[in-house]
Amino acid sequence: MGKTYERIDGRLRSFIEAQPVFFTATAPLSDDGTINLSPKGLTGSFAVVDEHTVAYLDFAGSNAETVAHLRENGRITLMWCAFQGPPNIVRVHGRGEPVFRDDPRWAELLGHFPGIDPTPHGLRAIIVVTAELVRDTCGYGVPFMSYDEDRDLHARRFAREDDASLSEYFTKKEHIARSIDGLPGLPLPLPPSTV
């Protein structure tokens, strides 16, 4: 039932760009390390950069497990499910890296997200993923669910922060600078943006 693809284009690209939510999975190299699985959403925060590369905006939150795992080993899987329309699941297995605000690529990468103002969300990194394996499967077991709208809570919470207060917020959180397993996470204080 599943099929492997050489690139992210056509029907496959249209499908993943149309989904309001996707999931990321990462893990440390340690056999007893904590596996991380995170939902991602917010319209406009995901982009197909080219046929082999995708990226998403990494906003403020209470941990930085994905960033820590990518800094250690780069392994990541992204998954989209069809909760409406024909059943489908798409996975992109690949190598990812967090691009931080002081990286020379920052401004160019931000250009891939024209439909979103990242300012009120405490943007801390852009996760860039190079696909190594792209597959889809049937998704027959995925239920129908409806998408109503994005929540505005994240923007309302972090819109009141500037770089200094955001860095202070992150410093107070146990698993931002270091992951649950003690891996280096988000560099603090936050580097200044190159934009």
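Structure's up top.
Residues numbered from 1 in each chain as written. Predicted model: local features only at pLDDT ≥ 70, side-chain atom pairs only at ≥ 80, totals over all residues. Heavy atoms only, no water.

A.B. asks: Sorry if this is basic, but what is going on with the overall build of the chain here?
C.D. replies: Across its full length, the chain holds 5 helices and 8 strands. The helix and strand sequence of the chain, counted from the amino end, reads β-α-β-β-β-β-α-β-β-α-β-α-α. Computed over its C-alpha atoms, the radius of gyration of the chain comes to 17 Å, within 12% of the 16 Å expected for a compact globule of 195 residues. C-alpha extents for the chain along the principal axes are approximately 50 × 40 × 30 Å. By residue count, 45% of the 195 residues in the chain fall in the buried class. Counted over contacts in the chain with a minimum sequence separation of 6, partners at least 24 positions apart contribute 72%. Accessible area of the chain: about 10,300 Å², with a carbon and sulfur share of 53%. Taken together, the 20 basic and 27 acidic charged side chains of the chain have centroids lying 3 Å from each other. (Helix = DSSP H or I, 4+ residues; strand = E, 2+ residues; numbered from the N terminus. Rg over C-alpha atoms; globule rule 2.2 N^0.38 Å. Buried < 20%, exposed > 50% of the residue type's maximum accessible area, 1.4 Å probe, protein only. Contact = heavy atoms within 4.5 Å. Areas by Shrake-Rupley, 256 points an atom, 1.4 Å probe, with all protein chains shown as cover. Lys, Arg positive; Asp, Glu negative; His and termini not counted. Charge placed at Lys NZ, Arg CZ, Asp CG, Glu CD.)

A.B. asks: Is there a simple way to explain the nonpolar core in this structure?
C.D. replies: For soluble globular proteins, nonpolar side chains are generally found buried alongside one another. One finds Ile8, Ile16, Phe46, Leu78, Trp80 and Phe170 to be the most contacted residues of the largest nonpolar core, which totals 33 residues. Secondary structure elements with two or more residues in this core: helix H1 (10-18), strand E4 (46-50), strand E5 (53-58), helix H2 (65-72), strand E6 (75-81), strand E7 (89-100), strand E8 (125-137) and helix H5 (163-172). Ranked by residue count, the leading element in this core is E8, at 5 residues. If near-sequence neighbours (up to four positions away) are discounted, Phe46 is found in contact with Ile16, Phe22, Val54, Ala55, Tyr56, Leu78, Trp80 and Phe113. Ala47, Phe59, Val99 and Ile116 belong to the second-largest nonpolar core, a separate cluster that totals 13 residues. (Core = buried A, V, L, I, M, F, W, Y, C linked by side-chain atoms within 4.5 Å.)

A.B. asks: What should I look at first to understand the environment of Phe100 in this one?
C.D. replies: Within the fold, Phe100 resides in strand E7. On the accessibility criterion, Phe100 (13% relative accessible area) is buried. With 24 residues separating them in the primary sequence, Phe100 and Arg124 have C-alpha atoms 6.7 Å apart. Not counting chain neighbours up to four residues away, the residues in contact with Phe100 comprise Val67, Arg71, Trp106, Arg124, Ala125, Leu186, Pro187 and Pro191.

A.B. asks: Where do I start with the side chain of Thr66 in this structure?
C.D. replies: Note on placement: Thr66 falls in helix H2. According to the relative accessible area criterion, Thr66 is buried, its value standing at 5%. Ignoring any residue separated from it by four or fewer positions in sequence, one finds Thr66 in contact with Thr24, Thr26, Asn36, Ser38, Tyr56 and Ile76.

A.B. asks: For this particular structure, what's the right way to read the environment of Ile35?
C.D. replies: Secondary-structure assignment places Ile35 in the loop between strand E2 (22-26) and strand E3 (36-40). Taking relative accessible area as the criterion, Ile35 reaches 68% and is therefore assigned exposed. Spatially, the C-alpha atoms of Ile35 and Asn73 are 13 Å apart, while their sequence positions differ by 38 residues.

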